[in-house]
Amino acid sequence: MTLRAPVVLAALALCLVLAPVRGSLASWTDSGSVTSGTLSARTLQSVPLSCTGGGASVTISWTPSTSPATLTYTAKTSQSATALPVTGNSSTTVTTTLLVGLLGALLGSTVTVVVTGSLPGTLWVTTQQITLRYTPIILGAGGLTCP
Amino acid sequence: MSGRHAARRHAAPRRRPRLRTVLPALAGVTVLTVGGMGTYAYWTDSATVQGGALVSGSLDLTIDGQQGNPTSYTWSALATSGLAPGESRAAVMTVANAGDVPFTYHATGASGGDAGLRGTMTIRVVLGGVKVPDNDNAYPIQETCSGGTDTFDAHLDASGAVQVLPTGGGTDPRLAKSASIGVCVQVTMDSDAPDSVQGKTYQPSFTFTAAQATS
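Fair warning: this is a prediction, and the values are worked out from it, not measured in the lab. (Residues numbered from 1 in each chain as written. Chains lettered and ligands numbered in written order. Predicted model: local features only at pLDDT ≥ 70, side-chain atom pairs only at ≥ 80, totals over all residues. Heavy atoms only, no water.)

Scanning chain A from N- to C-terminus turns up 2 helices and 11 strands. Across chain A, helices and strands are ordered from the amino to the carboxyl terminus as α-β-β-β-β-β-β-β-β-α-β-β-β. The 147 residues of chain A split such that 33% are buried. (Helix = DSSP H or I, 4+ residues; strand = E, 2+ residues; numbered from the N terminus. Buried < 20%, exposed > 50% of the residue type's maximum accessible area, 1.4 Å probe, protein only.)

Right, let's talk about the side chain of D30(A) for a bit. Structurally, D30(A) can be placed in strand β1 (residues 29-36). Although D30(A) is buried, it forms no salt bridge, and the closest oppositely charged side chain is K177(B) at an N-O distance of 15 Å. A distance of 2.8 Å separates the side chain of D30(A) from the backbone nitrogen of L61(B), its partner in a polar contact. What D30(A) contacts, discounting residues up to four positions off in sequence, is L59(B), D60(B), L61(B), Q67(B), N69(B), F208(B), T209(B) and A210(B). (Lys, Arg positive; Asp, Glu negative; His and termini not counted. Salt bridge = Lys/Arg side-chain N within 4 Å of Asp/Glu carboxyl O. Polar contact = N/O pair within 3.5 Å; in protein donor to acceptor, adjacent residues only side chain to side chain. Contact = heavy atoms within 4.5 Å.)

Right, let's talk about the packing of aromatic side chains for a bit. Residues and elements named next belong to chain A. Taken as a whole and judged by the stated rule, the model has 2 aromatic pairs over all chains. Pairing W62 with Y73 gives two aromatic rings, centres 5.7 Å apart and planes at 50°, and the pair type is tilted. Pair noted here: W62 is in the loop between β4 (57-61) and β5 (72-77) and Y73 is in strand β5, with a separation of 11 residues, a long-range link. Neither residue differs from the other here; W62 and Y73 are each classed as buried. (Phe/Tyr/Trp six-rings, centres within 6.5 Å; stacked < 30°, edge-to-face > 60°.)

Of the residues lining the interface, 49 residues belong to chain B; the matching set on chain A comes to 27 residues. Between chain B and chain A, the buried area comes to about 3300 Å², and carbon and sulfur atoms account for 54% of it. Linking chain B to chain A there are 0 salt bridges. The tally of links between chain B and chain A comes to 32 residue pairs in polar contact (both at pLDDT 80 or more). At the level of elements, β1 (61-63), β2 (73-75), β3 (80-83), β12 (180-189) and β13 (201-212) of chain B are the ones that each hand at least two residues to the side of chain B that touches chain A. If you tally residues by element for the side of chain B that touches chain A, the top one is β13(B), at 12 residues. When grouped by side-chain class, the residues that make up the side of chain B that touches chain A number 25 nonpolar, 20 polar and 4 charged. Where strand β2 (residues 39-41) of chain A lies against β13(B), 2 bridges are found, and the strand directions are antiparallel. Directly across from L39(A), in β13(B), lies its bridge partner Y202(B). (Buried area = accessible area lost by both parts, 1.4 Å probe. Nonpolar A, V, L, I, M, F, W, Y, C, P; charged D, E, K, R; others polar. Pairing = 2+ DSSP bridges.)

Right, let's talk about the state of the cysteines for a bit. A disulfide bridge is the covalent bond that connects two cysteines by way of their sulfur atoms. All chains considered together, the criterion is met by 2 disulfides over all chains. Residue pairing for C51(A): its cysteine sulfur links by disulfide to C146(A), the two sulfurs lying 1.9 Å apart. In this structure, the disulfide formed by C51(A) and C146(A) twists by about -70° around the S-S bond and is classed as left-handed. Taken together, the positions of C51(A) in strand β3 (residues 50-55) and C146(A) in the segment after β11 (141-145) put the pair 95 residues apart, joining distant regions of the chain. Paired through a disulfide, C145(B) and C184(B) show a sulfur-sulfur distance of 2.0 Å. Looking down the S-S bond of the C145(B) and C184(B) bridge, the torsion is -80°, so its handedness is left-handed. With C145(B) in strand β8 (residues 144-146) and C184(B) in strand β12, the pair connects residues that are 39 residues apart, well separated along the chain. Look at C145(B) and you get buried, because its relative accessible area is 6%. Residue classification places C184(B) among the buried positions, given a relative accessible area of 0%. (Disulfide = S-S within 2.5 Å.)

Right, let's talk about the sheet that holds β1(B) for a bit. Residue and element names in this part refer to chain B. Ordered by their spatial adjacency, 5 strands build an open sheet running β1-β4-β12-β6-β9, and the pairing between neighbours is antiparallel. Where the open sheet ends on each side, the last strands, each with one partner, are β1 and β9 (149-155). Between one strand and the next, the sheet's axes are offset by a mean angle of 20°, whatever the strand orientation. Sheet analysis places strand β4 (residues 88-97) next to β12, joined by 9 bridges and oriented antiparallel. (Axes fitted to C-alpha atoms, helices over the stretch in contact; angles between N-to-C directions.)

Glancing now at the confidence of the model for chain B. Taken as a whole, chain B shows an average pLDDT of 85; of its residues, 81% reach a score of 70 or greater. Across residues 1-14 of chain B, where pLDDT falls below 50, the model places 1 contact with residues more than four positions away in sequence or in other chains. (pLDDT = per-residue confidence, 0-100.)

So, about the pattern of salt bridges. All names here are of chain B. All chains considered together, the criterion is met by 2 salt bridges over all chains. Residue D150 is joined to R124 by a salt bridge in which the shortest nitrogen-to-oxygen separation is 2.7 Å. Within this pair, whereas D150 is found in strand β9, its partner R124 is found in strand β6 (residues 121-127), the two being separated by 26 residues in sequence. Overall, R124 belongs to the buried group, its relative accessible area being 18%. Where E143 meets K131, a salt bridge forms, and the shortest distance between an N and an O atom there is 3.8 Å. Of this pair, E143 sits in the loop between β7 (130-132) and β8 while K131 sits in strand β7, placing them 12 residues apart in sequence. We classify E143 as buried; its relative accessible area is 14%.

Next up on the list: the pairing of strand β9 (residues 109-118) of chain A. Residue and element names in this part refer to chain A. A large share of β9 lies buried, amounting to 7 of its 10 residues. One ladder, built from 6 bridges, connects β5 with β9; its direction is antiparallel. Directly across from T77, in β9, lies its bridge partner V113. As paired strands, β9 and strand β10 (residues 125-138) are joined by 10 bridges and run antiparallel to one another. Bridge pairing in β10 links T116 to T127. With antiparallel pairing between neighbouring strands as the criterion, β9 and β10 make up a hairpin whose turn holds 6 residues, including G121 at a positive phi of roughly 80°.

What follows is the structure, given as structure tokens:
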């Protein structure tokens, strides 16, 4: 029994000596970083609106954007959620008849037409607007006027 | 009795040499002989071999031939402008072992740029993959990675680097001395990316770490 203690202590000491030796076998390392060049999201082009006519109706036209694909256009007045009819994806006609329900139109004011182009299959849109002047038609005068 | 016998009787008596006399004599001869041998010089010659310089090996990971350390390598192959929802770009970077010892490696990824856009960009990493171009180059442009082994397919957050290679829990791939492998990266803008990310920028980054293969 008296011999066992020294033997155990010697074994422990040996382990302590050997353990750090194993830990010192560090392997080589290297690293490299890569930073990508910038990826930019596209911006849908807004198209200029043109206005023709006057009086009982005006026509607002635009050239559809085709970048990155042909956008699908809708139109409405900012005062109402009611959609205005779009013809050929490139124009809409605003008539005084369509504005009858608008309080501002009855009193004589301005009407803002918002044209929205949407990239099909996505949530992306681009908007453009134009403000028309409206005066009540009296004795054939007045109506819608392009800016 | 014979005469011969008589002569013999009268001859001087022959005495056997005594050891006391012989041994010193032998010792003297030996000393003289050994001493004499020392005078025979052997021919000798010598030549010095100049050892070549011992140069320690190296562990060297490169990406497209660039060190990427300490300055990050700007990988322009993936850069693009005009990315729209549903579109993707792909490019391959070459990871090579330019050192003297085999190593194992892994990679992490992170991203910078607009926070909103980061949340809509999906990164796909394909070890050993190749780029498949979109030949018609018309919207939606969809370049992809083909072949190889997918190791990551998710968004990269700005909150910190995430492991993109190998797949979580997988074993780090090994690259032998002078060997190389392509790592294809595909970036896709989710088709439901919000309108608010138009015109924003995004910049993914990757860090490769190699460790000496010990077996």
